[in-house]
Structure formats: structure tokens, C-alpha cells
Amino acid sequence: MSLNILNYQHHRPLSVGFFERDPDKVAVDLIGRMVVRRASGATMAGRIVEVEAYFGEGDPASHACRGMTPRNAIMFGRAGMAYVYLNYGVHCLLNVVTGLEGRAGAVLIRALEPVSGIETMMKNRPVKRAVDLTSGPGKLTKALGIDLADNGLDMTVRESSLYVANGAQETRTVKASPRIGISKGEDMLLRFCAEGSPFVSKQ
DNA sequence: CTGTCGATCTACT
DNA sequence: GTAGATCGACAGG
């Protein structure tokens, strides 16, 4: 039980104010923070090493670029909520809503480095190589047991089964690059990675 | 190691 | 009907 999760900082979710900013600002600041998840009788945690920022109107790659739909409604809501959606009809992807209410914005969590609760993650998502456990947006939700039922979760309260906490100091450089897996809005540098992490996708 | 393809939901033409 | 914020299986080199 000498796990990082026991550090006091990890029990305090980041505040609404942290997320009430433009998604690119939030995205940069999320690198190195800890995603904490309580599910299946365990507590899991992973350090964020790859994210992407999505705006609303004016961002052609964003779900919210053409206004509200049943799927993306959460993106227009209060900052700090979980926006979980089904991608390609197969994978659940986790975002955190950013910005002021009424204005769409979110940060997609693309990769984590497992920190604690790794056995539970492996049960949720058995893999041969450790690096495959949480090295992708669809992989990490499976490992943490996150699905559509978690859409709209308030990630800013301590009782939540899912939140983001201050990580230990991130020493690695944060690198900006174009978002990947999209075909519009690739000119903007809205993907942010912890340089050198093996869990970050290539490119 | 590389490339291709199927899975199958939401939103848009 | 088609594309999409992905992944894993499989074929070939």
C-alpha cells in the first residue's frame, strides 16, 4: 500500500474553476495530472500523458461545431463534467467539459500511464504488453471501466467515482502537435503530450 | 514490422 | 448512404 494514490493531493479533485477556461489552456495543464477512478471495488489512477482540446463553433473537428445534439449536449454544460461518447459504434471516449456554461468545449483524454489499481485495469482489459493497457482513448476507458453510463458525471467533487487530481510534479516537457485521427482542423496545434512517454501514440 | 479491414452507433447529406 | 476524436485481428514481408 505504498501507492501514490494515498498522497493527500490525490484525494482532492481539480475545481470547477480549473476547467472554466478555454480547452487549449485546460489541456496543457492536464498533462501530468492524475485521473482517479473508483469502480469494481477498487481505486485506479493514471497519470495523463496525452490530451486533445476541442472547441465548439469554429472548430471543424469538434462534435459541437454545428450546435447541440443529444450526444454532445454535455459539452455545452458546466465545466468539469465528463463527456463520454461512443466512437465508431464501438469504443467509449472520455472528455472533460471546459469553459463557461452554454459555450461548448472539451478535452479528450487520449493516454494515461497506469499508477495504481493496475491489477483491476488488467482485469477490465487484459493485454500482453503493459504499454497497451492505457495507451489510447478507447483503451483507457475500458481499463478504467468507463462507459456511457458515466456521461455527465461531475468530476469536480470528491465523492465522484471519476475525477482528476493534482499529480506529482510533472518534470517532462509538454509538446504541442496537430490532433490525430481527424480530417478537419488539422492546422491547429491542439494535441498535447508528455514528451518521451511510451504511452503516447506515435506521430 | 507494415497495411487492410470489420465492428456498428451518431450525425449529417 | 457515408464518415467518423478507434482498436484488434489478420495477412504479408
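Further up the page is the structure itself.
Let us look at the structure shown here. (Residues numbered from 1 in each chain as written. Chains lettered and ligands numbered in written order. Predicted model: local features only at pLDDT ≥ 70, side-chain atom pairs only at ≥ 80, totals over all residues. Heavy atoms only, no water.)

**Some points on the protein's contact with DNA strand C**
Surrounding DNA strand C, one finds 20 residues, the nearest of these being His91, Asn95, Arg125, Gly181 and Ser183. A breakdown of the atoms of DNA strand C within 4 Å of the protein gives sugar and phosphate a share of 54%. In the environment of DNA strand C, a base nitrogen lies 3.3 Å from a nitrogen or oxygen atom belonging to the backbone of alanine 61. Within the contact set of DNA strand C, a phosphate oxygen lies 3.0 Å away from a backbone nitrogen or oxygen of glycine 138. Of all elements in the fold, only β3 (82-87), β4 (91-97), β5 (106-116) and α4 (137-144) reach the threshold of two or more residues within the surface near DNA strand C. (Near = heavy atom within 4 Å. Polar contact = N/O pair within 3.5 Å; in protein donor to acceptor, adjacent residues only side chain to side chain. Helix = DSSP H or I, 4+ residues; strand = E, 2+ residues; numbered from the N terminus.)

**Section: the environment of histidine 91**
Among the structural elements, histidine 91 can be located in strand β4. Discounting chain neighbours no more than four positions away, the residues touching histidine 91 are Tyr85, Leu86 and Gly138. (Contact = heavy atoms within 4.5 Å.)

**Remarks on the packing of aromatic side chains**
Throughout the structure, instances matching the rule amount to two aromatic pairs. Arranged with centres 5.0 Å apart and planes meeting at 80 degrees, the rings of phenylalanine 18 and phenylalanine 19 form a pair that is edge-to-face. Its relative accessible area of 0% is what places phenylalanine 19 among the buried residues. Ring geometry for tyrosine 83 and tyrosine 85: centres 5.5 Å apart, planes at 25 degrees, overall stacked. Directly above the ring of phenylalanine 18 sits arginine 21, whose terminal nitrogen or CZ lies 4.9 Å from the centroid. (Phe/Tyr/Trp six-rings, centres within 6.5 Å; stacked < 30°, edge-to-face > 60°. Buried < 20%, exposed > 50% of the residue type's maximum accessible area, 1.4 Å probe, protein only. Lys NZ or Arg CZ within 6 Å of the ring centre and 35° of its normal.)

**Notes on α4**
Counting buried residues along α4, six of its eight residues qualify, which places the element largely inside the surrounding structure. Taken together, the buried positions of α4 are Pro137, Gly138, Leu140, Thr141, Ala143 and Leu144. Among the structural elements, β1 (34-39), β2 (42-54), β4, β5 and α3 (118-124) are those in contact with the buried residues of α4. Looking one or two residues beyond α4, the residue adopting positive phi is glycine 145, at roughly 70 degrees.

**So, the protein's contact with DNA strand B**
Taken together, Arg66, Thr69, Pro70, Arg71, Leu86, Tyr88, Gly89 and Val90 are the residues near DNA strand B. The sugar-phosphate portion of DNA strand B accounts for 70% of its atoms within 4 Å of the protein, the bases making up the rest. Taking arginine 66, its side chain carries an N or O atom lying 2.9 Å from a phosphate oxygen of DNA strand B. At 3.3 Å from a base oxygen of DNA strand B is found a main-chain nitrogen or oxygen belonging to tyrosine 88.

**Examining the side chain of glutamate 113**
Along the polypeptide, glutamate 113 turns up in strand β5. Using a relative accessible area of 15% as the deciding quantity, one classes glutamate 113 as buried. Of note is the side chain of glutamate 113, whose polar atom sits 3.0 Å from the side chain of arginine 172. A polar atom in the side chain of glutamate 113 sits 2.6 Å from the side chain of serine 197. In contact with glutamate 113, not counting residues within four places along its chain, are Ala45, Gly46, Arg47, Val49, Thr134, Arg172, Ser197, Pro198 and Phe199.

**Details of the environment of alanine 176**
Relative to the helices and strands, alanine 176 is located in strand β7 (residues 174-177). In this structure, the C-alpha to C-alpha distance between alanine 176 and cysteine 193, residues 17 residues apart in sequence, is 6.7 Å. Those residues in contact with alanine 176, other than ones at most four positions away along the chain, are Leu189, Arg191 and Phe192.

**Some details on unusual backbone geometry**
Non-glycine residue tyrosine 88 carries a positive phi angle of around 55 degrees. Within the secondary structure, tyrosine 88 is located in the loop between β3 and β4. With a phi angle near 115 degrees, glutamine 203 is a residue other than glycine that sits in the positive phi range. Relative to the assigned elements, glutamine 203 resides in the segment after β8 (191-194).

**Brief notes about the pattern of salt bridges**
On inspection of all chains with the given rule, the structure shows 10 salt bridges. The shortest N-O distance in the salt bridge between arginine 21 and aspartate 29 comes to 2.9 Å. In this structure, arginine 110 engages glutamate 52 in a salt bridge whose closest nitrogen and oxygen atoms are separated by 3.8 Å. Separated by 58 residues along the polypeptide, arginine 110 in strand β5 and glutamate 52 in strand β2 bring together distant segments of the chain. Several salt bridges converge on common partners, so that one network encompasses Glu50, Glu52, Arg110 and Arg191. (Salt bridge = Lys/Arg side-chain N within 4 Å of Asp/Glu carboxyl O.)

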